[in-house]
Amino acid sequence: MLSGKHILLGITGGIAAYKSVTLLRLLVKRGAEVQVVITPSGKEFITPVTLSALSGKPVICDFFTANTGEWHSHVDLGLWADAMVIAPATACTIAKMAHGVADNMLVTSYLSAKAPVFIAPAMDLDMMAHPSTTRNLELLRSYGNHIIEPAAGELASHLVGKGRMEEPERIVEILDDFFSAGHSLKGKKVLITAGPTYERIDPVRFIGNFSTGKMGYAIADAAARMGADVTVVSGPVSVTPKETGVKVIRVESAKEMCGECLTLFPESDIAIMSAAVADYAPADPRQSKIKRESQEPPVLHLVKNPDIAATLGARKRPGQILVGFALETDNEAENARKKLLSKNLDMIVLNSLRDADAGFGTDTNKITLITASGQTAGFPLKPKSEVAEDIMKAVCRL
Ligand code: C5P
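Note that the structure is predicted; figures quoted are calculated from it, not measured.

Turning our eyes to something else, we now look at the layout of surface pockets. Taken as a whole, the largest pocket spans an internal volume of roughly 1200 Å³. Lining the largest pocket are 39 residues; nearest its centre among them are K114, A115, P116, R225 and M226. Among the secondary structure elements, those contributing two or more residues to the lining of the largest pocket are α4 (74-80), α6 (105-112), α9 (168-180), α10 (214-225), β11 (229-234) and α14 (384-397). Taken together, the residues that form the lining of the largest pocket break down as 17 nonpolar, 12 polar and 10 charged.

This is how it looks when you write it as structure tokens:
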């Protein structure tokens, strides 16, 4: 799958740079076209001559070629790449990438890259375990970058711990998997519902829930990064998409959300129902504020809201993919399967309120994916940005 792919290989100044030579050789052997971009300190560890001989291209390090004044365009490099791989990635480069410190060609190319980015950290165990590195890697993950976790073992310092750059063979395998899974949604229209709905009682009060929209917006960002044309129909939330190009239609009630979805669904290839839609709405919302002084506590009469997922499920055409969520407290898998069938979904994302740090308002989630064909896959607790990637990759497989 790597044949003909443009790989921008970033090399930084760490001992593991010697492994980049093998990585470069393996990529070229698989038919990839590789352009090396190296940091000034990277050149202290491995010579550009070796790298250019193996890649068949001059190695880029500086913004200009000193004697000719030729400018190297990081923008062109960023656009040229089908994937950027930074291996080894030192703590310093990771920090610069996380915070946009664009003082060399590697970081400027990274900031201009439109393609997926894979980062293989390599450093001493204490640097790896430092909260600063952990935070910076979290930031990079939240930008949608793929972190190729370092292994534990003997390090250059002779200390033993986590920080060894992943072996080149494995990095090539990860890239190959990425391209063979066809994680591209170019040309696909994706509709996502997100957040809670508010059902008006009177002009100042509503029935709502604790949903913050974080999961839905993370899914929208992940889909956009895969090249999809994304529209979020969103209940009242304070989050916004990170990716430019994600369209947001704001609604308040389940009825409004349903109306927008019915308009968009016929043109959509994929619909992901992550909103926590209120099941009931006040039957008779008041036009003026209900006064406390009014003798007896008022009684709220409720009516059922439309089930948006089920409504779309009933209208689903062959080829359209519909995904729902199930937030359960007991009999999780069984209840999720029932919902999958009754709403005519292709996949359901199950999360349990029994799991700590999963569900409403958290930055992490722990999910199980269940498909209509009966496949089940459980995932560990992860940041919502990564959970969103897992969900979108599974959608691609569907
Ligand atoms: O039946 P339950 O509410 O647990 O189902 C959850 C799934 O159905 C979620 O995907 C949610 O977005 C969707 N749903 C909906 N409209 C409703 C209720 C739930 O789209 N009225």
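Still to come is the rest of the account.
Next up on the list: the sheet that holds strand β4 (residues 117-121). Ordered by their spatial adjacency, five strands build an open sheet running β2-β1-β3-β4-β5, and the pairing between neighbours is parallel. Looking at which strands have only one partner, the edges of the open sheet turn out to be β2 (33-38) and β5 (146-147). Relative to β4, strand β3 (residues 83-89) is paired through four bridges, and the arrangement is parallel. Residue pairing for β4: I86 is matched across the bridge by I119. Relative to the sheet, α9 contacts β1 (6-11), β3, β4 and β5, its axis offset from that of β3 by approximately 160 degrees.

This next bit is on the site of the ligand. The environment of the ligand is made up of M273, A275, V277, D279, P306, D307, I308, A309, G324, F325, K339 and K343. At 2.6 Å, a backbone N or O of M273 approaches an oxygen atom of the ligand. At 2.7 Å from an oxygen atom of the ligand is found a main-chain nitrogen or oxygen belonging to F325. For the ligand, whose unbound accessible area comes to 440 Å², protein coverage reaches 85%. Among the cavities detected, the one that contains the ligand is the second largest pocket. At the level of elements, α12 (308-315) and β16 (321-328) are the ones that each hand at least two residues to the shell around the ligand. Residue composition of the shell around the ligand, grouped by class: seven nonpolar, one polar and four charged.

What follows concerns the nonpolar core. Buried together is how nonpolar side chains tend to be arranged in soluble globular proteins. By size, the foremost hydrophobic cluster in this structure holds 34 residues, and its most contacted members are V230, I272, I391 and M392. Elements that contribute at least two residues to this core include exactly β8 (189-194), α10, β11, β13 (270-273), β16, β17 (347-352) and α14. Excluding residues that lie within four positions of it along the chain, I391 makes contacts with M215, I219, F325, M347, V349, I367 and L369. Listed in part, the 32 residues of the second largest apolar core include A17, V21, L24 and I171.

Counting buried residues in α6 gives seven out of eight residues, a clear majority hidden from the surface. By the burial criterion, the buried members of α6 are M105, L106, V107, T108, S109, Y110 and S112. Of the residues that open α6, the one with a side-chain oxygen 3.0 Å from the backbone nitrogen of L106 is N104.

Bringing the packing of aromatic side chains into the picture now. Here the distance between the centres and the angle between the planes together describe a pair of aromatic rings. With the rule as written, the count across this model stands at three aromatic pairs. Judged by centre distance (5.6 Å) and plane angle (85 degrees), the rings of F178 and F179 are edge-to-face. In this structure, F178 and F179 share a single accessibility class: buried. Members of the aromatic cluster, joined through ring pairs, are F118, F178 and F179.

Rules and cut-offs
- All chains use their own residue numbering, which begins from 1 and follows the written sequence.
- The predicted origin of the model limits local features to residues at a pLDDT of at least 70 and limits the giving and counting of side-chain atom pairs to 80 or more, whereas totals for whole chains, interfaces and linings rest on all residues.
- By convention in this description, side-chain values take in all heavy atoms of the structure and omit both hydrogens and water.
- We place a 1 Å grid over just the protein atoms. Points where a 1.4 Å probe fits but has no way out form a cavity, open points with protein on both sides within 12 Å along at least 5 of 7 lines form a pocket, and any residue with an atom within 4 Å of a point lines it.
- Grid points are joined across faces, edges and corners, and a volume is the space filled by probe spheres set on the points.
- A run of H or I in DSSP counts as a helix once it spans at least four residues, and a run of E counts as a strand once it spans at least two, with each numbered from the N terminus.
- Basically, the charged four are Asp, Glu, Lys and Arg, the nonpolar ten are Ala, Val, Leu, Ile, Met, Phe, Trp, Tyr, Cys and Pro, and anything else, Gly included, counts as polar.
- Here a strand pair is declared whenever DSSP counts at least two bridges between the two strands.
- By the convention used here, residues are in contact when the closest approach between their heavy atoms is within 4.5 Å.
- Simply put, an axis is a line fit to the C-alpha atoms, just over the touching stretch for a helix, and the angle between two N-to-C directions goes from 0 to 180 degrees.
- Throughout, the term near means that a residue has one or more heavy atoms lying within 4 Å of the molecule or strand in question.
- Any N or O atom pair separated by 3.5 Å or less is treated as a polar contact, with the protein-specific requirement of one donor-capable and one acceptor-capable atom, and with residues adjacent in sequence counted only for side-chain atom pairs.
- A 1.4 Å probe and the Shrake-Rupley method give the accessible areas. Residues count as covered only by the protein chains that appear here.
- A molecule is said to be in a cavity or pocket once over half of its atoms fall within 2 Å of that pocket's grid points.
- Residues belong to one nonpolar core when they are buried, are Ala, Val, Leu, Ile, Met, Phe, Trp, Tyr or Cys, and are joined through side-chain atoms within 4.5 Å.
- Throughout, exposure labels follow a simple rule: accessible area from a 1.4 Å probe, protein chains only, divided by the maximum for the residue type, with under 20% read as buried, over 50% as exposed, and the rest as partly exposed.
- Between 30 and 60 degrees the pair is tilted, below 30 it is stacked and above 60 it is edge-to-face, where a pair is any two Phe, Tyr or Trp rings, Trp via its six-membered ring, whose centres lie within 6.5 Å.

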